Amino acid sequence: MPKAFDFVKIEELPPKPRKFSVVEIRGPYYSAVTYGYLQDLLEDWSEYIDGFKFAGGSQRLLDVEKVRKIIKLCHDHDVYVSTGGFIERVAIQGKDAVKRYIEECKHLEFDVIEVSSGFIEISKEDMIEIVKDIKNAGLKAKPEISFIKGAGGGTEIIGYEVLYKDINETIELCEEFLKNGAYMLMLESEGITEGLPPEKWRVDIIKAVVNKFGYEKWMFEAAEPQVFKWYLKNVSKKVNLFIDHSQIVEFNAWRLGLWGDKEIWKSVKFSYK
């Protein structure tokens, strides 16, 4: 079906499933993102949405049939569904709980299991085994990479001291994840951009991982509009990003050249006679 005002030239996205320009939106956490709201959102905007992520283990608070219903709704609109970083909460209960979690994710038809270890210390060897088990279950493993200790859940708001990890060791861990079946890596924004003024963003870390792996292997968390605008202008318009559901229209206006800052109009000369 043709778009309104389709004579106005903008950039076009490749069809789904996409290998780049992948956009994942946050589901329930900071706001409820009800089934009805999500249904309306996907009906209007699913062309521009690749993935839907439950955040903060919010799926545990819902009836199992409602979780199924949400996942089916997403799949009906060609949108994959991610667990979010719930696995580190599950890990508190031990190895058997993690294995049961992977089995239930498959049973409920999740597509992606995020593997995070922001608050709990999980060894490299254990993280790799979890990635392998996810892949063997026929699901996609997406390790979340944090360059600070104790990341997640609003670290900067709670007031924890920010302690950075060794960059080289963390990059080596990323290499191991990719060698052992991770399909993509997720860069945690806390300690990088989230809650920080632009002059304190760790652009050096972003550049280091992009130079090492390329941006295609990464999904970058962009918790605020000024952050996703920076990625679009300084990394690539094809960058993979995790954003809030409320930002999907503004984000696409910027990445497709529909709207934006003065760059769009800098060379325009107009005369109406």
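Quick look at the structure, then. Treat the numbers as computed from the prediction; the structure is a model and nothing was measured.

1. Some thoughts on the pattern of salt bridges
So, step 1. Across all of its chains, the model carries 16 salt bridges by this definition.
So, step 2. Between Glu221 and Arg26 there is a salt bridge, with its nearest N and O atoms 3.8 Å apart. With a gap of 195 residues between them, Glu221 in strand E7 (residues 218-221) and Arg26 in strand E1 (residues 23-26) connect regions that are remote in the sequence. We note that Glu221, like Arg26, is buried.

2. Thoughts on the nonpolar core
So, step 1. Core analysis: the largest hydrophobic core is formed by 69 residues, its most contacted members being Leu38, Phe52, Trp218, Phe220, Tyr231, Leu241 and Ile243.
So, step 2. In terms of residues, this core owes the most to one element, helix H4 (residues 95-108), which gives six residues.
So, step 3. Excluding residues within four positions of it along the chain, Phe52 makes contact with Glu24, Ile25, Gly27, Pro28, Val33, Leu38, Ile70, Cys74, Val79, Tyr80, Val81 and Ser82.
So, step 4. Core analysis: the second largest hydrophobic core is formed by seven residues, Val22, Tyr80, Met186 and Met219 among them.

3. Here we look at the side chain of Ser116
So, step 1. Structurally, Ser116 can be placed in the loop between strand E4 (112-115) and helix H5 (124-136).
So, step 2. For Ser116, a relative accessible area of 1% gives the class buried.
So, step 3. Within the local environment of Ser116, its side chain forms a polar contact with the backbone oxygen of Gly85, the two atoms lying 2.9 Å apart.
So, step 4. Of the polar contacts made by the side chain of Ser116, one reaches the side chain of Glu88; its length is 3.0 Å.
So, step 5. Ignoring any residue separated from it by four or fewer positions in sequence, one finds Ser116 in contact with Gly85, Ile87, Glu88, Ile122 and Glu144.

4. A closer look at the side chain of Asn240
So, step 1. Topologically, Asn240 is positioned in strand E8 (residues 240-244).
So, step 2. Of the polar contacts made by the side chain of Asn240, one reaches the backbone nitrogen of Val22; its length is 2.9 Å.
So, step 3. Looking at Asn240, its side chain comes within polar contact range of the main-chain oxygen of Trp218, at 3.0 Å.

5. Describing the environment of Ile113
So, step 1. Note that Ile113 resides in strand E4.
So, step 2. Residue Ile113 is classed as buried on the basis of its relative accessible area, which comes to 0%.
So, step 3. Considering only alpha carbons, one finds Ile113 and Thr83, 30 residues apart in sequence, at a separation of 5.2 Å.
So, step 4. In this structure, Ile113 is in contact with Thr83, Ile87, Tyr101, Ile102, Cys105, Ile134, Leu139, Lys140, Ala141 and Lys142, ignoring residues within four places of it in sequence.

Conventions we followed
- The written sequence of each chain sets the order in which its residues are numbered from 1.
- Only residues with pLDDT of at least 70 get local features here, since the model is predicted, and only at 80 or more are side-chain atom pairs given and counted; chain-wide, interface and lining totals rely on the full set of residues.
- Excluding hydrogens and water, the side-chain figures rest on all heavy atoms present in the structure.
- A side-chain nitrogen of Lys or Arg and a carboxyl oxygen of Asp or Glu constitute a salt bridge if their distance falls within 4 Å.
- Secondary structure elements follow DSSP: runs of H or I of four or more residues count as helices, runs of E of two or more count as strands, with numbering from the N terminus.
- Each residue is placed in one exposure class: buried if its accessible area under a 1.4 Å probe, protein chains only, is under 20% of its type's maximum, exposed if it is over 50%, and partly exposed if it falls in between.
- Definition used in this section: a nonpolar core is a set of buried Ala, Val, Leu, Ile, Met, Phe, Trp, Tyr and Cys residues joined via side-chain atoms within 4.5 Å.
- In what follows, a contact means two residues having at least one pair of non-hydrogen atoms within 4.5 Å.
- Polar contact is defined as a pair of N or O atoms within 3.5 Å, subject to the rule that within protein one atom must be able to donate a hydrogen and the other to accept it, and that residues adjacent in sequence are counted only when both atoms are side-chain atoms.

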